[in-house]
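Structural overview
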Amino acid sequence: MRLLPTGLTYFLEVARTGSVSEAAVALTVAPSAISRQIAKLESAIGVPLFVRHPRGMIPTDAGNRLLDHVRRSEAESAALLDELRTGRGLQTRSITVACSEGFARRVVPRAIAEFRRDHPEVAFHVDVVRRDEATRRVLDGEADVAVTYTTGPQHGVRVESAVVVPVYAIVPVGHELAGRARVSLAELCAYPVALPTTGQSLRELFDIAARIENLAVQRVLECDELAPLYEFVRQGGGVALVGGLGDVHRDAEAEGVAYVHLGNRAFRQREAQVQTMAGRTLSLSVTRFTAILVSLVRPAEPGN
């Protein structure tokens, strides 16, 4: 059920899909009906909301401003409907979290467990997605909060917390680098390296740093999931890179690996962010849960 007027509902779907025909399929209405509503909306506001291209519809500056407003309205409408259906007020509802895998391993589950000790009536849904998809889901109101890595400014989100997270090499227990407090990228590249795939922020920064230092890299494994990287390292296949959050000593003991801080300026461009939708009024439950996430998204201390 949507509380938005028809014209804004159609506008939102065209902006989301970039196409009148795709929006028509998603909404199960005729494309002509969507086109009429968009034209009516533009006439009422007095400015174009889309630039029409042969390959799709792109929001104008005015369209993007309206889009931000509509997304906030849709998200708040969904929260209101949930509260009306449960009849229990702001504190009782479900919370949707979008996060990249690094946060899904420990940070997000710990935050949920801590929150539910005081609020056992609240249920959670966690979507583990790529970093840009986590931000998109908050922008579109599909998630209440996102926890993800970024390397630049983000439009349309409120950054609740942003910390530069040190990067660590994970090496097998007993490896010759395992006792080191810090290693250089050149030292690391003397070994076979497992890396995330191209497009991941850690991989992008690693490639930049390696090019700057003119290093030869043995890329023997590419994978976006962390479990295969850890098992690869545990079995002595080589070394891998991860972001360092929380207590790396406790994590090392649990994972059966050793963490060594990787000292390189390129990785300082990468932030761990907790994001919510800009301008959206958050429920009390989401506000409290977000505060717990912020307290847990903290960098491990390099060299510990």
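Anyway, here's the lowdown on the structure attached to this text. Note that the structure is a prediction, hence the values are computed from the model and not measured. (Residues numbered from 1 in each chain as written. Predicted model: local features only at pLDDT ≥ 70, side-chain atom pairs only at ≥ 80, totals over all residues. Heavy atoms only, no water.)

Here we take up the overall build of the protein. Each helix and strand in the protein was counted, giving 12 helices and 13 strands. Relative to its 304 residues, the protein shows a buried fraction of 50%. In the protein, of all internal contacts separated by at least 6 residues, the share reaching a separation of at least 24 is 76%. (Helix = DSSP H or I, 4+ residues; strand = E, 2+ residues; numbered from the N terminus. Buried < 20%, exposed > 50% of the residue type's maximum accessible area, 1.4 Å probe, protein only. Contact = heavy atoms within 4.5 Å.)

Within the secondary structure, Thr60 sits in the loop between strand E2 (56-59) and helix H4 (61-86). Owing to a relative accessible area of 16%, Thr60 belongs among the buried residues under this scheme. A polar atom in the side chain of Thr60 sits 2.9 Å from the backbone oxygen of Pro48. Discounting chain neighbours no more than four positions away, the residues touching Thr60 are Pro48, Leu49, Phe50 and Val51. (Polar contact = N/O pair within 3.5 Å; in protein donor to acceptor, adjacent residues only side chain to side chain.)

The strand order E4-E3-E5-E13-E6 describes an open sheet built from 5 strands, whose pairing is mixed. Bordering the open sheet on either side are strand E4 (123-128) and strand E6 (157-164), each of which pairs with just one other strand. The sheet shows a mean angle of 20 degrees between the axes of neighbouring strands, direction not considered. Looking at chain direction, E6 and strand E13 (residues 271-277) are connected through 7 bridges and run antiparallel. By the bridge assignment for E13, Ser161 is matched with Val274. (Pairing = 2+ DSSP bridges. Axes fitted to C-alpha atoms, helices over the stretch in contact; angles between N-to-C directions.)

What follows concerns the packing of aromatic side chains. Centre distance and the angle of the planes are the two values used to describe a pair of aromatic rings. Following the criterion strictly, the structure yields 6 aromatic pairs and no others. The interplanar angle of 40 degrees and the centroid separation of 4.8 Å between the aromatic rings of Phe103 and Tyr149 together place this pair among those described as tilted. With Phe103 in helix H5 (residues 101-105) and Tyr149 in strand E5 (residues 145-150), the pair connects residues that are 46 residues apart, well separated along the chain. For the pair shown, Phe103 and Tyr149 are each scored as buried. Aromatic side chains Phe124 and Phe289 sit 4.8 Å apart centroid to centroid with 55 degrees between the ring planes, which places their arrangement in the tilted category. Here Phe124 is found in strand E4, whereas its partner Phe289 is found in helix H12 (residues 284-296), with 165 residues between them in sequence. Judged by its relative accessible area of 21%, Phe124 falls in the partly exposed class. Residue classification places Phe289 among the buried positions, given a relative accessible area of 0%. Positioned above the aromatic ring of Tyr230 is the side chain of Arg105, whose terminal nitrogen or guanidinium carbon lies 4.6 Å from the ring centre. The cationic tip of Arg270 hangs over the ring face of Tyr149; the distance from NZ or CZ to the ring centre is 3.5 Å. (Phe/Tyr/Trp six-rings, centres within 6.5 Å; stacked < 30°, edge-to-face > 60°. Lys NZ or Arg CZ within 6 Å of the ring centre and 35° of its normal.)

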